[in-house]
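# Remarks on the overall topology
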Amino acid sequence: MQPFDEEQQSFNKSSLDEEALLSGQFWGELRVFLAVAKTKSFNRAAEITNTSQPTVSRQVKRLQDVVGSQLFISTPRGVKLTQKGEALAKALSRLDHTLHSITSDLKSETSQAEGTVRVSITDGLNALFAAPALSQFSAQYPKIRLHLKNPLNVMNLPENQTDMMISIIPSESSDIQFRKLGQLHFIPVATKDYIQKHGLPTRDNLEQHLFIQSEYYLAKTGLWDGWQRAVARGRIAHYCDNSFAYGMLVKSGQGIGMLGSYSLAEPSAVPLEIDLRISVPLYLIALTERLKVRAVRLVFDWLSEVFGPNNPWFSDEFKLNNPPSEYDAGFRKMFNLE
């Protein structure tokens, strides 16, 4: 027997039935606080919120007085969140992402697909494939805007606060869907300038050579063990965790790097025969709820084509030279391969 009648309104109210605004008068202050928390600067927060630095300071002080806690600490490098400030900032950041999703969903209900779709993607894949291919997609869907972002967390899509992410790890979460794409092939690469200066690296002389290392390749998963053994035999010239800058260090002849096979389109790049090739599957991961939005689904399907096995650079079979295709037309134009 139920203790209350489900239709008895006094016991079955929605939060919208309560007239009081639980946050009081502080919507504006919370928005300004989040801007300061993200930028670590009162001046930058003022620019983002289109106000002045003194106004930002006053609103943050008022919010601190209301909550009764210090939210920031001033340092020589800017402001730093206190423990309570960080907790509030993370909660507001989640709310900000939710509001963005809701407003995007409302826009998508129009007859024509439109809205902003946010994608986490590494600099290399973005610069060489997604960005060059975007013009054709935009011509077909001019009202869909992409926000292409470098991933903050390569393991966790929600932490990036984006709708989807190109990843090498699938997700089993109930609120996330993934699609298997193609294979990303990694090979050791040096440039002609490096070889001219240091000689051709071979499996027998790695002790004489320099390497460009990255924290991504230090993961203890077993996948990168061959690369780690090769690096251990030589000397690390530099570390770099930005994929595009990593490639530029190799291109400038600073050392041997572990790069995607598409780097061989660079005329100065030389693939090295040191018994080392690594292939990893690519996945496109998206928030299940966001995929209900037409604009998000269209971007999801488009990226699935760009990075799918039909693109020769991401086919299951590794090849040093790939024939031109519709998926890498922009990429080839960048490298003057047409």
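Everything numeric here is computed off the predicted structure, so don't read it as measured data.

### Some remarks on the overall build of the chain
- Secondary structure assignment for the chain yields 11 helices and 11 strands.
- Sorting the 338 residues of the chain into buried and exposed places 45% on the buried side.
- Within the chain, contacts between residues at least 6 apart in sequence are counted, and of these 72% link residues at least 24 apart.
- Total accessible area on the chain is roughly 19,400 Å²; 51% of this is exposed by carbon and sulfur atoms.

### Brief notes about the confidence of the model for the chain
- Residues at a pLDDT of 70 or more form 85% of the chain, whose mean pLDDT is 85.
- Between the elements of the chain, mean pLDDT differs from a low of 65, seen in helix H11 (residues 329-334), to a high of 98, seen in strand S7 (residues 210-213).
- In this model residues 1-6 is a low-confidence stretch, pLDDT under 50, and it forms two contacts with partners more than four residues away in sequence or in other chains.

### Here's the deal with unusual backbone geometry
- Even without being a glycine, asparagine 50 presents a positive backbone phi close to 55 degrees.
- One can find asparagine 50 in the loop between helix H2 (42-48) and helix H3 (53-67).
- A positive phi is found at glutamine 161, a non-glycine position, where the angle reads about 55 degrees.
- On the secondary structure map, glutamine 161 appears in the loop between helix H6 (157-160) and strand S5 (164-167).

### Observations concerning the packing of aromatic side chains
- Counted under the stated rule, the structure contains 16 aromatic pairs.
- On the numbers, 5.3 Å between centres and 80 degrees between planes, the contact of phenylalanine 129 with tyrosine 262 is edge-to-face. In this pair, phenylalanine 129 sits in helix H5 (residues 123-140) while tyrosine 262 sits in the loop between strand S9 (257-260) and strand S10 (269-271), placing the two residues 133 residues apart along the sequence. Comparing phenylalanine 129 with tyrosine 262, the two get one shared label, buried.
- Between phenylalanine 137 and tryptophan 302, the ring centres sit 4.9 Å apart and the planes meet at 35 degrees, which makes this aromatic pair tilted. With phenylalanine 137 in helix H5 and tryptophan 302 in helix H10 (residues 294-306), the pair connects residues that are 165 residues apart, well separated along the chain.
- Taking relative accessible area as the criterion, tryptophan 302 reaches 13% and is therefore assigned buried.
- One aromatic cluster in this structure is built from Phe186, Phe211, Tyr217, Trp224, Trp227 and Tyr246.

### Topic: the pattern of salt bridges
- On inspection of all chains with the given rule, the structure shows 12 salt bridges.
- Put simply, glutamate 86 and lysine 90 hold a salt bridge, and the shortest N to O gap is 3.5 Å. Taken together, the residues glutamate 86 and lysine 90, both in helix H4 (residues 83-108) and four residues apart, mark about one turn of the helix.
- Across the salt bridge formed by glutamate 273 and arginine 277, the nearest N and O atoms sit 3.6 Å from each other.
- Judged by its relative accessible area of 49%, glutamate 273 is partly exposed.
- The exposed category is assigned to arginine 277, whose relative accessible area is 51%.
- Here the salt bridges share partners, and the residues they tie into one network are Arg179, Arg297 and Asp301.

### Looking at the side chain of glutamine 213
- Note on placement: glutamine 213 falls in strand S7.
- Of the residues examined, glutamine 213 reaches a relative accessible area of 2% and is grouped as buried.
- Polar side-chain contacts of glutamine 213 include one of 2.9 Å to the side chain of tryptophan 227.
- Setting aside residues up to four positions removed in sequence, glutamine 213 forms contacts with Leu218, Trp227, Val231, Ile236, His238, Tyr239, Cys240 and Tyr246.

### Considering the pairing of strand S3 (residues 115-120)
- Counting buried positions along S3 yields six of six residues, so the element is predominantly enclosed.
- On S3, burial covers both faces: Gly115, Val117 and Val119 on one face and Thr116, Arg118 and Ser120 on the other are all buried.
- The pairing of S3 with strand S4 (residues 144-149) spans six bridges and is parallel. Directly across from serine 120, in S4, lies its bridge partner lysine 149.
- The handedness of the S3 to S4 crossover, carried by H5, is right-handed.
- In this structure, S3 lies alongside S5, joined through two bridges in parallel fashion. Considered in S5, the bridge of valine 119 is made with methionine 164.

### Concerning H10
- With 13 residues, H10 should reach 18 Å at 1.5 Å per residue; the first-to-last C-alpha distance of 19 Å fits that figure.
- Of all the residues in H10, the buried ones are Ala295, Val296, Leu298, Val299, Phe300, Trp302, Leu303, Ser304 and Val306.
- Along its buried surface, H10 packs onto S3, H5, S4, S5, strand S6 (176-191) and strand S11 (278-287).

### Here's the deal with a nonpolar patch on the surface
- A cluster of nonpolar side chains, contributed by Val154, Met155, Ile168, Ile169 and Tyr216, occupies part of the molecular surface with about 450 Å² of accessible area.
- Along the chain, the position of methionine 155 falls in the loop between S4 and H6.
- Since its relative accessible area comes to 61%, methionine 155 is described here as exposed.

How each quantity is defined
- Residues numbered from 1 in each chain as written.
- Predicted model: local features only at pLDDT ≥ 70, side-chain atom pairs only at ≥ 80, totals over all residues.
- Heavy atoms only, no water.
- Helix = DSSP H or I, 4+ residues; strand = E, 2+ residues; numbered from the N terminus.
- Buried < 20%, exposed > 50% of the residue type's maximum accessible area, 1.4 Å probe, protein only.
- Contact = heavy atoms within 4.5 Å.
- Areas by Shrake-Rupley, 256 points an atom, 1.4 Å probe, with all protein chains shown as cover.
- pLDDT = per-residue confidence, 0-100.
- Phe/Tyr/Trp six-rings, centres within 6.5 Å; stacked < 30°, edge-to-face > 60°.
- Salt bridge = Lys/Arg side-chain N within 4 Å of Asp/Glu carboxyl O.
- Polar contact = N/O pair within 3.5 Å; in protein donor to acceptor, adjacent residues only side chain to side chain.
- Pairing = 2+ DSSP bridges.
- Right-handed = clockwise from strand over helix to strand, strands pointing away.
- Expected span 1.5 Å × (residues − 1).
- Patch = residues over 30% accessible without salt bridge, like charges linked within 9 Å, V, L, I, M, F, W, Y side chains within 5 Å.

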